[in-house]
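Notes for the structure review
Now for the letters of each chain:
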Amino acid sequence: YISITTLLRDQNAQIIRTSYEGIRVPQESLRVWKRTVENEDGPETTESLVGVYCRIGIEAWFKPVTVLYQGEDYYLVAADPTAMGDGMSEKQTELYTLRAGDEVVVTAKDL
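As a starting point, this report considers the structure included with it. As the structure is a computational prediction, the values presented were derived from the model and not from experiment. (Residues numbered from 1 in each chain as written. Predicted model: local features only at pLDDT ≥ 70, side-chain atom pairs only at ≥ 80, totals over all residues. Heavy atoms only, no water.)

Digging into the pattern of salt bridges
Worth spelling out the cut-off: Just to be clear on terms, a salt bridge is a Lys or Arg side-chain nitrogen sitting within 4 Å of an Asp or Glu carboxyl oxygen. By the criteria applied, helices consist of DSSP H or I runs no shorter than four residues and strands consist of E runs no shorter than two, each listed in order from the N terminus. Buried, partly exposed and exposed residues are distinguished by accessible area as a fraction of the type maximum, computed with a 1.4 Å probe on protein chains only: under 20%, between the cut-offs, and over 50%, respectively.
Evaluation of the coordinates by the stated rule reveals 3 salt bridges. A salt bridge links Glu47 to Arg35; its shortest N-O distance comes to 2.9 Å. With Glu47 in strand β3 (residues 44-56) and Arg35 in strand β2 (residues 30-38), this residue pair connects regions lying 12 residues apart in the sequence. For Glu47, a relative accessible area of 31% corresponds to the partly exposed category. Arg55 is paired through a salt bridge with Glu103; the nearest N and O atoms lie 3.1 Å apart. With Arg55 in strand β3 and Glu103 in the segment after α2 (90-95), the pair connects residues that are 48 residues apart, well separated along the chain. Looking at Glu103, the relative accessible area reads 46%, which means it is partly exposed.

And the structure:
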C-alpha cells in the first residue's frame, strides 16, 4: 500500500520562464552620472549614464552598467564600459568594467 500512498502526495513546482545572468548590486548603489558632450554641430548636450561607484584603492571610480532585472531590493546589471565613449585604451576599458568581487559603494557623499 505504500506505493499507492506515495502517488497521493501533492507536490508544488515552480516553472522558470526567463532567466537573467549578471552581477547583483543593491538598489542603493545605483547612481546616475551626468556629463556634458560637445556635438560636431556645435551645441552641447547632457548625457546620463547609469552605473555604480566602486572602491579602487582609496578612490571611488564610476563604472557604467546596463540594468537587466530589478528585484525587491537589488538590480541585476551587466558591465557597459563602452558607455564612457570611444577612444579608450584597453587598460582604461578594464578600469571602467564592473566585475564580480568589486567593492561597490552603497552610501557616500560628494562622489
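Past the structure itself, the notes keep going.
Overview of the pairing of β2
The cut-off we apply is this: DSSP calls a pair of strands paired once it identifies at least 2 bridges connecting them.
Summarising the sheet, β2 and β3 pair through 9 bridges and their orientation is antiparallel. By the bridge assignment for β3, Thr36 is matched with Thr46. What sits between β2 and β3 in their antiparallel hairpin is a turn of 5 residues, with Gly42 showing a positive phi close to 125 degrees.

A look at the sheet that holds strand β1 (residues 23-26)
To keep things clear, this is the line we draw: Every axis corresponds to a line fitted to the C-alpha atoms, with the helix fit spanning only the stretch in contact, and the corresponding angles, defined between N-to-C directions, vary from 0 to 180 degrees.
Overall, antiparallel pairing links the 5 strands, which are arranged β1-β5-β4-β3-β2 in an open sheet. On the outer flanks of this sheet lie β1 and β2, each paired with one strand and no other. Averaged over neighbouring strand pairs, the angle between their axes works out to 60 degrees when direction is ignored. Alignment of β1 against strand β5 (residues 74-79), held across 4 bridges, turns out to be antiparallel. From the neighbouring strand, Arg24 faces β5, where its bridge partner is Leu76.

These figures capture arrangement, not role.
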